[in-house]
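Examination of the molecular architecture
So the chains spell out like this:
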Amino acid sequence: MANTTLTADIIAKEALTILDNELGVLKDLHRAHEDEFSQKVNGYNIGDTISIRRPADFTVRSGATLSTQDVIEGKTTLTIDQQLGVDFQFTSSDLTLKISDLSERVIKPAMSNIINTIASDVLTKMYQGAYHWVGTPGTTLTSFAGFAKGPERLDLAAVPQNGRASALHPTDYWGFLGSQTALYIQDAAKSAYREGDLGMIGNVSTKMSQALPTHTVGPLGGTPLINGASQNVTYDTAKNTWTQSLITDGWTAAAASRVKAGDVFTIANVFMVNPKTKVTTGVLQQFVVTADGSSDGSGNLTLTISPPMITSGPHQTVNAAAADNAALTFSGTASTAYRQNLVFHKNAMTLAMVPMEMPQAAYNGSRQSYKGMSVRIIPIYDGTNDISKWRLDLLYGRKLIDPRMVVRLSGT
């Protein structure tokens, strides 16, 4: 290909192509809410927000007698509040290049860094709000039986079969892949051994991600207990945040940090129910701490947790409220970091990349969109030094819509 004077249009289009190829696990997330922003022609600013309704649910009547129910829909918001970019510069002579040269030298590394930053951000938000955590924290995934704990928990939570995916840390990905090479299923064993490809397993699309975060459990301390019975709430009070406050005591009696957002625990004799039948599953309901918390000088601590304890009605989450002095048992060891493999349904998390506003003073800038993605390139010329500076920006928002549809997975 002959050398070409590169323009913002050419660079933006090439950046979009690379972005699409590099998305990886982010392709498995829900993207439809980008359509909600489509009416704004001139681009978007940080802070643009849309509301997303949580689906209504119902109990089933028994018999012929009419029993009407209120339709109560919660809502959450998706805010476009994340702007990322990479800036670079060339001399005028550098700009007379092959696009393939520029792509390999500059655009590909830039877009790879951007997409990994987005993935890390999105996956961190996903795990911090997810309350299901199966397996033994700190244990490497090395078997199908261990992997199956993820989709099994999704089944117990009545999550649809279609649209499931997983993101595995490299250590767990290769540990699991090694277990597949001995299979008597020839095609699966061949793909695992020769190509390092796990593909679809148990109707779950399986990918490796280097952007998966680790979670460090809070310092904990003491023997935490429920402080006061009947701390259950109604759906109407929790429908928008999907959280509640939980009063506890028994912590080490010192004003110090005890829990971190993302810590997971169970409560004695509080079991999860099937969201459709409302029948107990026989599995202790897991709760996630949604905000850091510190004990006081008497060992008291009020936690903010998800899901809320709802004991009846269409949105019931648990079989019963926690009893006074029921014990809390946390997953993992205090102050220890654990890899966060994720198995999820695509509707659990939404990601929206939207076109940015093009400033009126931006001469020869370009904004390009493709498959629900958008990048903006703006050139800035330094006449004193004959250098062309370029800024490349993306604007996006992300939101965990349904934490029930995400499982944190460790080996067994």
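Just so we're clear, the structure is a prediction, and the values are computed from it rather than from any experiment.

Quick look at the overall build of the protein chain now. Along its length, the protein chain carries 6 helices and 25 strands. Per-residue burial over the protein chain gives 46% buried out of 412 residues. Partitioning the intrachain contacts of the protein chain with sequence separation of at least 6 by distance along the chain shows that 78% fall at a separation of at least 24. Of the roughly 18,800 Å² of accessible surface on the protein chain, 48% is carried by carbon and sulfur atoms.

Moving on, we get to the sheet that holds strand β15 (residues 280-289). Pairing within the open sheet is antiparallel, and its 6 strands lie in the order β11-β12-β17-β15-β14-β18. The open sheet has two edge strands with one neighbour each: β11 (222-226) and β18 (328-330). For this sheet, the mean angle separating the axes of adjacent strands, direction not counted, is 50 degrees. Across the sheet, helix α3 (residues 144-156) touches β14 (264-273) and β15, and the angle it forms with β15 is around 105 degrees.

Let's shift gears to the pattern of salt bridges. Tallied over the full model, the rule gives 10 salt bridges. Of the charged contacts, one joins Arg398 and Asp81 as a salt bridge, the two residues approaching to 3.8 Å between their closest N and O atoms. Of this pair, Arg398 sits in strand β24 (residues 387-400) while Asp81 sits in the loop between β3 (75-80) and β4 (82-91), and the two are 317 residues apart along the sequence. Of the residues examined, Asp81 reaches a relative accessible area of 32% and is grouped as partly exposed. Here Arg339 and Asp172 are joined by a salt bridge, their closest N and O atoms 2.7 Å apart.

Within the largest apolar cluster, 61 residues are counted, with the highest numbers of intra-cluster contacts made by Leu19, Leu26, Met111, Ile118, Met353 and Leu394. In terms of residue count, the dominant contributor to this core is helix α2 (residues 99-129) (11 residues). Apart from the residues lying within four places of it in its own chain, the contact partners of Leu26 are Ile115, Ile118, Ala119, Val122 and Leu351. Formed by 28 residues, the second largest nonpolar core is a distinct cluster that contains Trp133, Ile267, Val318 and Tyr338.

So, about the sheet that holds strand β8 (residues 199-201). In space, the 6 strands of this open sheet follow the order β6-β25-β20-β7-β9-β8, with mixed pairing throughout. Strands with a single pairing partner mark the edges of an open sheet, and in this sheet they are β6 (132-134) and β8. Across the sheet, the mean angle from the axis of one strand to that of its neighbour is 25 degrees, orientation sign disregarded. Across 4 bridges, the pairing between strand β7 (residues 164-168) and strand β20 (residues 341-345) is antiparallel. Bridge pairing in β20 links Ser166 to Val343. Against the sheet, α3 touches β6, β7, β8, β9 (204-208), β20 and β25 (406-409), its axis set at about 155 degrees to β25.

Summed over the entire model, instances satisfying the criterion amount to 7 aromatic pairs. Note on Tyr173 and Trp174: the rings are 5.5 Å apart at their centroids and 80 degrees apart in plane angle, and the pair reads as edge-to-face. Accessibility expressed as a relative area gives 7% for Tyr173, which makes it buried. Given the relative accessible area of 49%, Trp174 is considered partly exposed. One aromatic cluster in this structure is built from Trp251, Phe265, Phe287 and Phe330. Over the aromatic face of Trp133 sits the side chain of Arg408, whose NZ or CZ is 4.6 Å from the ring centroid.

As a further point, take the confidence of the model for the protein chain. Reading predicted coordinates in detail is not appropriate for stretches of low pLDDT. Of the residues in the protein chain, 83% reach a pLDDT of 70 or more, and the chain-wide mean stands at 84. Every residue in residues 1-5 is under pLDDT 50, and counting partners more than four places away or in other chains gives 13 contacts. Contacts of residues 192-196 to residues separated by more than four positions or lying in other chains number 10 contacts, the stretch itself having pLDDT below 50.

Looking now at the pairing of β20. One face of the sheet, then the other: side chains in a regular strand alternate in exactly this way. For β20, the buried fraction is high: 5 of the 5 residues fall into the buried class. Covered by surrounding structure in β20 are Asn341, Val343 and His345 together with Leu342 and Phe344, the residues of both alternating faces. Here β20 runs beside β25; their pairing, made up of 4 bridges, is antiparallel. Across the sheet, residue Asn341 finds its bridge partner in β25, namely Leu409.

Another point: the environment of Ala158. Locating Ala158 in the fold gives a position in the loop between α3 and β7. Spatially, the C-alpha atom of Ala158 lies 9.6 Å from that of Thr277, the residues being 119 residues apart in sequence.

Looking now at the side chain of His215. As for its position among the elements, His215 is in strand β10 (residues 214-216). Of the residues examined, His215 reaches a relative accessible area of 1% and is grouped as buried. Engagement of the side chain of His215 in a polar contact is seen with the side chain of Tyr127, the distance being 3.0 Å. Contact partners of His215, with chain neighbours within four places excluded, come to Tyr127, Lys260, Ala261, Gly262, Asp263, Thr336, Ala337, Tyr338, Gln340 and Arg408.

Another point: α3. Here α3 spans 18 Å end to end across 13 residues, near enough to the 18 Å set by a 1.5 Å rise per residue. The principal kink in α3, of about 30 degrees, is found at Gly150, preceding the proline Pro151 by one to four residues. Listing the buried residues of α3 in full gives Gly146, Phe147, Gly150, Pro151, Arg153 and Leu154. Residue Ala158 follows α3 closely and has a positive phi angle near 60 degrees.

Turning next to the pairing of strand β12 (residues 244-251). One ladder, built from 3 bridges, connects β11 with β12; its direction is antiparallel. Bridge assignment links Leu225 to a residue of β12, and that residue is Asp249. One ladder, built from 5 bridges, connects β12 with strand β17 (residues 301-306); its direction is antiparallel. Looking across to β17, one finds that Gln244 is bridged to Ile305.

Reading the values: the criteria
- Residues numbered from 1 in each chain as written.
- Predicted model: local features only at pLDDT ≥ 70, side-chain atom pairs only at ≥ 80, totals over all residues.
- Heavy atoms only, no water.
- Helix = DSSP H or I, 4+ residues; strand = E, 2+ residues; numbered from the N terminus.
- Buried < 20%, exposed > 50% of the residue type's maximum accessible area, 1.4 Å probe, protein only.
- Contact = heavy atoms within 4.5 Å.
- Areas by Shrake-Rupley, 256 points an atom, 1.4 Å probe, with all protein chains shown as cover.
- Pairing = 2+ DSSP bridges.
- Axes fitted to C-alpha atoms, helices over the stretch in contact; angles between N-to-C directions.
- Salt bridge = Lys/Arg side-chain N within 4 Å of Asp/Glu carboxyl O.
- Core = buried A, V, L, I, M, F, W, Y, C linked by side-chain atoms within 4.5 Å.
- Phe/Tyr/Trp six-rings, centres within 6.5 Å; stacked < 30°, edge-to-face > 60°.
- Lys NZ or Arg CZ within 6 Å of the ring centre and 35° of its normal.
- pLDDT = per-residue confidence, 0-100.
- Polar contact = N/O pair within 3.5 Å; in protein donor to acceptor, adjacent residues only side chain to side chain.
- Expected span 1.5 Å × (residues − 1).
- Bend = angle between axes of the 7 residues up to and from the residue.

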